[in-house]
Amino acid sequence: MLYPESLTQLLADSNQPVISLFINLETGGQAINANKIKLNSFSKQIREQLTTDYPEEKTLLNQLEDLLSTAPQELAHIQSVAFYITAAGHYSQPLHYPITTEYFLIADQPDLRPLSSELSLSLNGTILCLNKTTFSLKSIQQNVIRDYPLPKDAPTTIEIGIGTERKGEVVQGFSSPTHSFVVKENEQLIDQTNYFRVIGRYLDDLLPEKAPIYVVTLPGNLNLFKKLVVNPNYRMDQAIQTSPDSLSDDDLLDKLLTNARHELRQKALGLAERAASAYHGDSNLGDPEIILSRINNRQLTALIIPTALAPSATISADQIMDLNHMMIAAIQTGLPFYPVPVENIPTGLVAMGI
């Protein structure tokens, strides 16, 4: 996996040849054999180009062989993937969309263009996995999900949160000339309500301000929890309404990304409109060299790039490499970038800064 630290290392290794390979993979019973055949076919082409253009790169060939020996088994459930191979190591990044044109490239920098949608939709924050009587946390950083360790005294179970003596409470009384009695609300619901309040207060103190909290729970739990918490960091509109125990981390990430894509698309289109307006007032905001300089000097707040990441009627092959350089600089400096349809970018431009 291309974890954040691995991506940093990959970019640090960019002064030496890097193999970038983008392919779709088979899934199902025959996936491993089918993917071996495809990888071997690309490997043959890569070896031929390495022998011709980089005959001294023996270590790079060894890394390629190492990748071929492990990738088919590890990626049998993945539909499309980006591979990056350097003399120092190899990395793979599963993609949540198919590769339109499969290809490889050997250059002094990794080709990040096919990862634009993956890298621009970068989720960061905390995931609350909520059940009626338990909860756990996961962290998500740049789309990488990891378990969030909690101290032993954290209210991870209802027994720790509100104790073992739980008897509900009287909520309404009735009387008549001959009878008097009380009605208890569902004690289990009262206990769950009290427990959810404890969780809410605990997370308010534990988690950083302004960091998103994504909730995974069943619909009934979500409806109750929404009534009890007021922290604006909860992304209730992006909640995943299912049992958290039913999802692997890969399934969880896929659902979170699906929920976030619409929000990102709307934000990207709004920023593209602002950037186009700013460009008409300052044409430097569309000049690749000036954009790159401003990225490196941290003078921009966002980079707008086209979703069409191959040469087209409006984007030349030379501009494509400019785009890759800008994406690399944006990642290295932490500048967010937003892919939009090419028609939302003024004709002749490959990107806009804002």
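For the structure, see preceding data.
It should be emphasised that the depicted structure is a prediction, and the values quoted were computed from it without experimental measurement. (Residues numbered from 1 in each chain as written. Predicted model: local features only at pLDDT ≥ 70, side-chain atom pairs only at ≥ 80, totals over all residues. Heavy atoms only, no water.)

If you tally the helices and strands in the chain, you get ten helices and 14 strands. Within the span of the chain, comprising 354 residues, buried residues form 45% of the whole. Within the chain, contacts between residues at least 6 apart in sequence are counted, and of these 67% link residues at least 24 apart. A total accessible area of about 18200 Å² is found for the chain, and carbon and sulfur atoms account for 49% of it. (Helix = DSSP H or I, 4+ residues; strand = E, 2+ residues; numbered from the N terminus. Buried < 20%, exposed > 50% of the residue type's maximum accessible area, 1.4 Å probe, protein only. Contact = heavy atoms within 4.5 Å. Areas by Shrake-Rupley, 256 points an atom, 1.4 Å probe, with all protein chains shown as cover.)

Below, the discussion takes up the environment of Tyr97. Mapped onto the elements of the fold, Tyr97 is located in the loop between strand E3 (89–94) and strand E4 (103–107). Tyr97 sits 16 residues away from Val81 along the chain, and the two C-alpha atoms are 9.1 Å apart. Apart from residues no more than four positions distant in its own chain, Tyr97 is found in contact with Ser80, Pro114, Leu115, Ser116, Ser117 and Glu118.

Glancing now at the pairing of strand E13 (residues 337–340). Covered by surrounding structure in E13 are Phe337 and Pro339 together with Tyr338 and Val340, the residues of both alternating faces. In terms of strand pairing, strand E12 (residues 303–306) meets E13 through four bridges, oriented parallel. Bridge pairing in E13 places Ile305 opposite Pro339. (Pairing = 2+ DSSP bridges.)

Right, let's talk about the packing of aromatic side chains for a bit. According to the stated counting rule, one finds six aromatic pairs in the structure shown. Pairing Tyr195 with Phe196 gives two aromatic rings, centres 6.4 Å apart and planes at 45°, and the pair type is tilted. Of the two residues, Tyr195 and Phe196, neither departs from the other in class, the shared state being buried. On the numbers, 5.7 Å between centres and 85° between planes, the contact of Phe196 with Phe225 is edge-to-face. Linking Phe196 in helix H6 (residues 187–206) with Phe225 in helix H7 (residues 219–228), this pair joins segments that are 29 residues apart in sequence. Of the two residues, Phe196 and Phe225, both sit in the buried class. Among the aromatic residues, those joined into a cluster by ring pairs are Tyr195, Phe196, Phe225 and Tyr234. (Phe/Tyr/Trp six-rings, centres within 6.5 Å; stacked < 30°, edge-to-face > 60°.)

This part is about a negative patch on the surface. A contiguous patch of negative charge on the surface is contributed by Asp287, Glu289, Asp318 and Asp322. Following the sequence through the fold, Asp318 ends up in helix H10 (residues 317–333). For Asp318, a relative accessible area of 64% translates into the label exposed. (Patch = residues over 30% accessible without salt bridge, like charges linked within 9 Å, V, L, I, M, F, W, Y side chains within 5 Å. Salt bridge = Lys/Arg side-chain N within 4 Å of Asp/Glu carboxyl O. Lys, Arg positive; Asp, Glu negative; His and termini not counted. Charge placed at Lys NZ, Arg CZ, Asp CG, Glu CD.)

Of all seven residues that make up strand E2 (residues 80–86), seven are buried, and the element is covered over most of its length. Here E2 shows two buried faces, one formed by Ser80, Ala82, Tyr84 and Thr86 and the other by Val81, Phe83 and Ile85. The pairing of strand E1 (residues 18–24) with E2 spans six bridges and is classified as antiparallel. In the sheet register, Asn24 faces E2, and the bridge partner there is Ser80. Judged from the six bridges that link them, E2 and E3 form a sheet pairing that is antiparallel. Each bridged residue has a counterpart across the sheet, and for Phe83 the counterpart in E3 is Ser92. Count of turn residues in the E2/E3 antiparallel hairpin: two residues.

With that settled, consider the pattern of salt bridges. By the definition in use, this model includes six salt bridges. The shortest N-O distance in the salt bridge between Lys38 and Glu102 comes to 2.7 Å. A residue pair is termed long-range when its members are at least 10 positions apart, and Lys38 in helix H2 (residues 31–53) and Glu102 in the loop between E3 and E4 qualify at 64 residues. Under the relative-accessibility criterion, Glu102 is labelled partly exposed at 28%. Residues Asp147 and Lys138 are paired through a salt bridge, measuring 2.9 Å at the closest nitrogen-oxygen approach. Overlapping salt bridges, with partners in common, bring together Lys138, Asp147 and Asp249 in one network.

Here we take up the sheet that holds E13. An order of E13-E12-E14 is seen for the three strands of this open sheet, with the pairing classed as mixed. For this open sheet the edge positions go to E13 and strand E14 (352–353), each flanked by a neighbour on one side alone. Against the sheet, helix H8 (residues 249–281) contacts E12, E13 and E14, and its axis sits at roughly 95° relative to E13. (Axes fitted to C-alpha atoms, helices over the stretch in contact; angles between N-to-C directions.)

What follows is about helix H9 (residues 288–296). Between the side-chain oxygen of the N-cap and the backbone nitrogen of Glu289 there are 2.9 Å, and the N-cap of H9 in question is Asp287. Among the residues trailing H9, Arg298 stands out with phi positive, at a value near 55°. (Polar contact = N/O pair within 3.5 Å; in protein donor to acceptor, adjacent residues only side chain to side chain.)

This part takes up the packing of H6 against H7. It is at 10 Å that the axes of H6 and H7 come closest, and there the two elements cross at 55°. Viewed along their axes, H6 and H7 adopt a mutual orientation that is oblique. Pair H6 / H7 crosses with right-handed handedness. Contact residues: Leu189, Gln192, Thr193, Phe196, Arg197, Ile199 and Gly200 in H6; Asn221, Leu224, Phe225 and Leu228 in H7. (Parallel < 35°, antiparallel > 145°, perpendicular 65-115°, else oblique. Left-handed = near helix turned anticlockwise from the far one by under 90°.)

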